[in-house]
Amino acid sequence: RKEVEQDPGPFNVPEGATVAFNCTYSNSASQSFFWYRQDCRKEPKLLMSVYSSGNEDGRFTAQLNRASQYISLLIRDSKLSDSATYLCVVNIRDGGTSYGKLTFGQGTILTVHP
Amino acid sequence: GAVVSQHPSRVICKSGTSVKIECRSLDFQATTMFWYRQFPKQSLMLMATSNEGSKATYEQGVEKDKFLINHASLTLSTLTVTSAHPEDSSFYICSVGTGGIGELFFGEGSRLTVL
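A brief structural summary.

Quick notes on the nonpolar core
Working step 1: Counting residues in each nonpolar core, the largest one holds 24 residues, and the members touching the most others are Phe 21, Trp 35, Ile 71, Leu 73, Ile 75, Tyr 86 and Leu 110 of chain A.
Working step 2: Elements with a contribution of two residues or more to this core: strand 3 (19-25), strand 4 (32-38), strand 5 (44-50), strand 7 (60-65), strand 8 (70-75), strand 9 (84-92) and strand 11 (108-113) of chain A.
Working step 3: It is strand 9 of chain A that provides the largest number of residues to this core, a total of five residues.
Working step 4: Grouped together as the second largest cluster of nonpolar side chains are 23 residues, Ile 21, Cys 23, Val 96 and Leu 112 of chain B included.

Have a look at this one:
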């Protein structure tokens, strides 16, 4: 079983649609959770952190369910510019290392069309 | 502005040659840098953690003699792919953490093609 699993998609949605991505992780020691965005042939960039209480940043809402080891990302009112690969990322603290080990999911491809 | 600069962005080489990729931390000092590799349509895989002034820590399955990492200063880490073969063709990305747990800034990546 992969440490971090995502539905690879692709998701093809029209502008204005609402789309949700899911992610599950296998290591219960995971401590921090993130969504990164990666444009084609570019480096990943942090989209948002994910907190147990859920958090929202504009059109983006992230949720974490520790009991089910499940993370989600909801995008409302999709824009053409939202087209990208969305990476679910989990941090497992490694001993005393501050950063721990980041484990990436394979990514979910989103294409927003006019 | 960019936090991490990586060079070269693209390199094509012949099989058997060695290729060096540089990763520079801009504006701040980084005692730790991370090297990732990403094959097409796959996730980023951590190869090694580069530690300033000491040996790099390699992930399981990554050959340390093939992927040489040097972190001689607080702003520069280099990855050398020695005796490169076509199966080493990939997107290599370095990253730096600035203190927030899990928040990494990535270099622009280096796309290596070995003929």
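Thoughts on the pattern of salt bridges
Residue and element names in this part refer to chain A.
Working step 1: Taken as a whole and assessed by the stated rule, the structure comprises six salt bridges over all chains.
Working step 2: Across the pair Asp 82 and Arg 59 runs a salt bridge, and its minimum N-O distance is 2.8 Å. Taken together, the residues span a long stretch of sequence, with Asp 82 in the loop between strand 8 and strand 9 and Arg 59 in the loop between strand 6 (55-57) and strand 7 at a distance of 23 residues.
Working step 3: Lys 79 serves as the salt-bridge partner of Asp 77, at 3.0 Å between the closest nitrogen and oxygen.
Working step 4: Assessed through its relative accessible area of 36%, Asp 77 is described here as partly exposed.
Working step 5: The class for Lys 79 is partly exposed, based on a relative accessible area of 33%.

Some thoughts on the sheet that holds strand 6 of chain A
Residue and element names in this part refer to chain A.
Working step 1: Taken together, five strands build an open sheet; the order of strands is 1-3-8-7-6 and the sheet is antiparallel. Each end of this open sheet is capped by a strand with a single partner; those strands are strand 1 (4-6) and strand 6. Strand after strand, the sheet turns through a mean of 20° between neighbouring axes, direction not considered.
Working step 2: Across six bridges, strand 7 lies against strand 8 in antiparallel orientation. The partner of Phe 60 across the bridge, within strand 8, is Ile 75.

Regarding the side chain of Arg 37 of chain B
Residues and elements named next belong to chain B.
Working step 1: Within the secondary structure, Arg 37 sits in strand 4 (residues 32-38).
Working step 2: Lacking a salt bridge, the buried Arg 37 has Asp 88 as its closest oppositely charged neighbour, with an N-O distance of 4.7 Å.
Working step 3: Arg 37 has contacts with Ser 43, Leu 44, Met 45, Met 47, Phe 67, Ser 90, Phe 91 and Tyr 92, leaving out every residue within four places of it along the chain.

A word on the pairing of strand 11 (residues 110-114) of chain B
All names here are of chain B.
Working step 1: Along strand 11, four of the five residues are buried, which leaves the element largely enclosed by surrounding structure.
Working step 2: Of the pairings in the sheet, the one linking strand 2 (residues 10-13) to strand 11 comprises four bridges and is parallel in character. Across the sheet, the residue bridging to Arg 10 is Arg 111, located in strand 11.
Working step 3: Taken together, the three bridges between strand 9 (residues 90-97) and strand 11 define a ladder with antiparallel strand orientation. Of the residues in strand 11, the one forming a bridge with Ser 90 is Leu 112.

Procedures and definitions
Residues numbered from 1 in each chain as written. Chains lettered and ligands numbered in written order. Predicted model: local features only at pLDDT ≥ 70, side-chain atom pairs only at ≥ 80, totals over all residues. Heavy atoms only, no water. Core = buried A, V, L, I, M, F, W, Y, C linked by side-chain atoms within 4.5 Å. Buried < 20%, exposed > 50% of the residue type's maximum accessible area, 1.4 Å probe, protein only. Helix = DSSP H or I, 4+ residues; strand = E, 2+ residues; numbered from the N terminus. Salt bridge = Lys/Arg side-chain N within 4 Å of Asp/Glu carboxyl O. Pairing = 2+ DSSP bridges. Axes fitted to C-alpha atoms, helices over the stretch in contact; angles between N-to-C directions. Lys, Arg positive; Asp, Glu negative; His and termini not counted. Contact = heavy atoms within 4.5 Å.

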